[in-house]
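Structural description and commentary
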Amino acid sequence: MEQENVEDSQTEKTSASAPSRSIWSGNITIGLVNVPVKLFSMIYDKGIAFHFLHKNDGQPLKYVKMCTKDDKIVPWNEVVRGYEVAKNEYITFEQKELDAAKPESDRRIRISKFVDYFSVDPVYFDRTYALLPDKSKDAYSLLYKALEKTNKAGAARITLRTKEYPALLHTYKGALVLTTLRYAYDVVDPADFEPLHKLETPQKTELDLAVKIVTDLSGEFDIAEFEDTYMKRVQELVKQKAKGEKIHIEKPPEIEVKGLMVALRETLKQLEQK
Amino acid sequence: MTTNLKDLTKVELRNLDKVFYPKIMITKGQVVEYYIRMAPRILPLIADRPLVLTRYPDGVEGVTMSFFEKNAPEGTPNWVKTKAIYSPTSKRDVNYIVCNDLDTLIWLANLAALEIHMPFSKIDALDTPDLLFFDVDPEPPATLSDAAEAALLLKDRLLDLGLTPFVKTSGKKGLHVVIPIEPEHTFEKARAFVHQVGIELAKESDMVVSEFKDTKKPGKVFADYLQNSPLRTMVIPYSLRPTPDATVSAPLEWSEVKKGINPSDYTISSVVNRTSNPWKNIFGKRCKLEI
């Protein structure tokens with residue numbers, strides 16, 4: 001389980017800390033050119049981790065596999081995998097049968113062509129990894145500069161663990177990074193949503209007004225403006241509980257109330273200044 | 001930072017998710033937020049005046065009818081300021097609401113008083129107006145665009161007389177032109193003056209009519225002087241109107257008054273984002289009216 005340090009995550013740093021161990025090493029291959037790289041995790045799904053405990057004695061709980069016929073606990077060496085071919089009808093596999101079917105990673109990030117980074121819609125983005133130079137830094141920085149200068153990204157394939165992914169090799173803040181992509185069959189085509197078929201064309205005056213509102217509210221995107229309020233609140237509660245304070249459970253304000261409170265604070269401030 | 005609405009306002013807000021403007025899905029909560037955000041601009045304009053409300057308890061297309069309200073309703077909190085004024089027609093005192101602070105404005109919004117109206121004199125001098133009011137009201141097929149043309153003629157005439165006119169949309173099809181004055185004349189004299197300006201304007205422009213009997217003539221713009229009477233009212237600056245698009249009676253810069261102007265340019269969502277404050281310090285610019 002995650003050992004999230006409450007005090008540490010209260011500090012000002014807005015990005016996640018860098019991992020020290022790579023999860024994969026191999027070559028970026030462009031035709032006959034190889035760029036040796038190591039792959040590092042770059043994305044963390046931070047959240048609050050809770051352990052399940054027994055309420056009466058406070059001890060941690062564990063999961064066991066239990067046979068549905070006799071309610072007996074089944075040890076791992078008696079577990080096989082079953083693929084359901086019809087209701088309650090299974091074909092079984094041993095772990096080693098499945099292992100043999102897994103594709104072997106050839107330790108290559110194969111680039112077939114270079115594309116405009118913005119031509120790939122974010123709906124296909126899966127997970128981003130940082131690539132660091134392995135052995136030769138020259139080849140790495142050459143590829144980095146070339147991508148930066150042309151504003152292009154490499155359309156690539158990579159096998160990670162047991163799965164082959166389409167991927168995009170691109171630059172990000174001084175690094176080559178690899179974003180694995182989803183396959184077309186993993187993504188729904190919105191045209192298949194019935195209610196979208198008969199959208200009405202808005203009237204010009206309405207559209208002009210809507211465009212005006214959008215323009216008035218336009219600005220630069222800054223990820224730092226967004227914060228995980230649930231996580232923040234739970235961390236606050238953890239602190240209070242650790243100090244032995246009683247927690248007063250209060251219904252959180254609803255969306256409308258939140259907007260009103262922001263408006264009220266701003267207006268009260270303005271009225272005070274007068 | 002506080003997480004409680006009660007720490008910020010005395011008003012116990014209710015039914016905030018009720019839809020008040022179904023066409024554009026504006027909720028009561030958003031109406032309250034609108035009045036909160038506009039409060040710094042509204043409060044100086046309506047202070048110390050007996051207000052008249054139009055309440056829409058179920059929104060602008062609601063099952064319950066809207067209703068006018070002059071008398072402070074039952075359950076009015078004791079921190080809401082009121083002013084008792086004797087009504088000769090109903091032969092009793094009417095307790096008008098006076099809104100001099102943010103909480104009272106929020107309370108009014110919570111009462112679903114979408115529209116708020118104000119008279120042209122203050123509670124300490126009810127019989128002497130401190131605002132002259134021209135209701136520039138176009139009769140179809142005349143539009144707000146035509147009213148703008150008439151209002152610009154009116155503005156020039158008023159400037160020639162050494163007066164300082166201010167303008168707002170009515171939030172429907174017309175424009176309201178007001179002049180802040182020293183409260184030293186009777187309503188009768190003020191009304192006669194406004195009427196006279198209208199008469200002269202009608203001589204200058206074929207489009208403008210100055211008499212009530214001509215108001216239903218198609219395509220004409222009526223320079224209405226009749227509201228300049230004790231306890232007659234206009235909709236307050238920045239008041240919402242009960243139109244499907246939640247239009248607003250929006251104070252304008254004179255430069256915005258031009259051909260092609262459209263009431264739907266000024267709605268709850270666009271006005272709240274306006275940074276200009278065209279009626280700022282209007283009562284610091286009172287004119288002395290020689291009549």
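Please refer to the structure placed before this passage.
Attention in this report is confined to the structure presented alongside it. (Residues numbered from 1 in each chain as written. Chains lettered and ligands numbered in written order. Predicted model: local features only at pLDDT ≥ 70, side-chain atom pairs only at ≥ 80, totals over all residues.)

1. Considering the overall build of chain A
Along the backbone of chain A there are five helices and nine strands. Secondary structure elements in chain A, listed N-terminal to C-terminal, are β-β-β-β-α-β-β-α-β-β-β-α-α-α. Every one of the 274 residues in chain A was classed for burial, and the buried ones make up 12%. Excluding contacts between residues fewer than 6 apart, the proportion of contacts in chain A whose partners are at least 24 apart in sequence is 58%. (Helix = DSSP H or I, 4+ residues; strand = E, 2+ residues; numbered from the N terminus. Buried ≥ 20, exposed ≤ 12 C-beta atoms within 10 Å, placed from the backbone. Contact = placed C-beta atoms within 7 Å.)

2. Concerning the overall build of chain B
The number of helices and strands found in chain B is five helices and 14 strands. Per-residue burial for chain B yields a buried fraction of 43% across its 291 residues. Pairs at least 24 apart in sequence give 69% of the contacts found in chain B among residues at least 6 apart.

3. Focus: the interface of chain A and chain B
Between chain A and chain B, the residue contacts involve 18 residues of the former and 20 residues of the latter. Every element with two or more residues in the side of chain A that touches chain B is listed here: helix 3 (204–216) and helix 5 (255–273) of chain A. The leading source of residues in the side of chain A that touches chain B is helix 5 of chain A, at 12 residues.

4. So, the sheet that holds strand 14 (residues 251–252) of chain B
Neighbouring strands of a sheet are bound in pairs by backbone hydrogen bonds; such pairs are parallel or else antiparallel. Residues and elements named next belong to chain B. Taken in spatial order, the six strands make up an open sheet running 11-12-8-10-9-14, and their pairing is mixed. Single-partner strands in this sheet number two, and they are strand 11 (208–209) and strand 14. Note that strand 9 (residues 166–169) and strand 10 (residues 175–180) share four bridges and pair antiparallel. Pairing of Lys 168 across the sheet is with His 176, part of strand 10. Strand contacts of helix 3 (residues 144–160): strand 8 (131–138), strand 9, strand 10, strand 11 and strand 12 (221–224), with the helix running at about 145 degrees to strand 8, the strand carrying the most contacts. Lying over the sheet, helix 4 (residues 187–204) contacts strand 8, strand 11 and strand 12, oriented at roughly 40 degrees with respect to strand 8. (Pairing = 2+ DSSP bridges. Axes fitted to C-alpha atoms, helices over the stretch in contact; angles between N-to-C directions.)

5. Topic: the sheet that holds strand 2 (residues 33–41) of chain A
Residue and element names in this part refer to chain A. In space, the seven strands of this closed barrel follow the order 1-2-6-9-8-7-5, with mixed pairing throughout. Adjacent strand axes in the sheet meet at a mean angle of 40 degrees, parallel and antiparallel pairs treated alike. Across six bridges, strand 8 (residues 163–172) lies against strand 9 (residues 175–181) in antiparallel orientation. The residue of strand 9 that forms the bridge with Thr 171 is Leu 176.

6. Quick word on the environment of Val 136 of chain B
Its location among the elements puts Val 136 of chain B in strand 8. For Val 136 of chain B, the contacting residues outside a window of four places in its chain are Ala 147, Ala 150, Ala 151, Leu 154, Gly 174, Leu 175, Val 177, Val 221 and Ala 223 of chain B.

7. Describing the nonpolar core
Within the largest apolar cluster, 84 residues are counted, with the highest numbers of intra-cluster contacts made by Tyr 35, Leu 51, Val 136 and Ala 151 of chain B. Other than its neighbours up to four places away in sequence, Ala 151 of chain B contacts Val 136, Val 167, Leu 175, Val 177 and Val 257 of chain B. Among the nonpolar cores identified, the runner-up in size contains 20 residues, and Val 37, Ile 111, Tyr 129 and Ile 158 of chain A belong to it. (Core = buried A, V, L, I, M, F, W, Y, C linked by C-beta atoms within 7 Å.)

8. Considerations on the pairing of strand 5 (residues 81–87) of chain B
All names here are of chain B. Pairing between strand 5 and strand 6 (residues 92–98): seven bridges, direction antiparallel. Across the sheet, the residue bridging to Tyr 86 is Asp 93, located in strand 6. Counting the residues between successive antiparallel strands, the hairpin from strand 5 to strand 6 contains four residues, one of them, Lys 91, with a positive phi of roughly 55 degrees.

9. Re the packing of helix 1 (residues 28–46) of chain B against helix 2 (residues 102–110) of chain B
All names here are of chain B. Two elements in contact, helix 1 and helix 2, have axes separated by 9 Å at closest approach and are oriented at 145 degrees. Relative to helix 2, the crossing made by helix 1 is right-handed. Taken together, the residues of helix 2 that come into contact with helix 1 (itself represented by Val 31, Val 32, Tyr 35, Ile 36, Ala 39, Ile 42 and Leu 43) are Leu 102, Leu 105, Ile 106, Ala 109 and Asn 110. Class assignment of the residues belonging to the contact of helix 1 with helix 2 gives a composition of 11 nonpolar, one polar and no charged. (Left-handed = near helix turned anticlockwise from the far one by under 90°. Nonpolar A, V, L, I, M, F, W, Y, C, P; charged D, E, K, R; others polar.)

10. Details of helix 2 of chain B
Residue and element names in this part refer to chain B. Across the nine residues that make up helix 2, a large majority, seven, are buried. Those residues of helix 2 that fall on the buried side of the exposure criterion are Leu 102, Thr 104, Leu 105, Ile 106, Trp 107, Leu 108 and Ala 109. Backbone geometry just after helix 2 places Ala 112 at a positive phi near 65 degrees.

11. Points about the pairing of strand 10 of chain B
All names here are of chain B. Across the six residues of strand 10, six count as buried, placing the element largely inside the fold. Side-chain alternation along strand 10 places Leu 175, Val 177 and Ile 179 on one buried face and His 176, Val 178 and Pro 180 on a second face that is also buried. Hairpin remark: strand 9 followed by strand 10, antiparallel, with five residues in the connecting loop; positive phi at Gly 171, about 90 degrees.

12. Observations concerning the packing of helix 3 of chain B against helix 4 of chain B
When two helices pack together, you describe them by how their axes are tilted relative to each other and by the distance separating the axes. All names here are of chain B. Interaxial distance between helix 3 and helix 4 falls to 11 Å at its minimum, and their mutual angle equals 120 degrees. Classified by the interaxial angle, the pair formed by helix 3 and helix 4 is oblique. Along this stretch, helix 3 crosses helix 4, giving a crossing that reads as right-handed. Note on element contacts: helix 4 touches helix 3 through Val 197, Glu 200, Leu 201 and Glu 204, opposite Leu 153, Leu 154 and Arg 157. (Parallel < 35°, antiparallel > 145°, perpendicular 65-115°, else oblique.)

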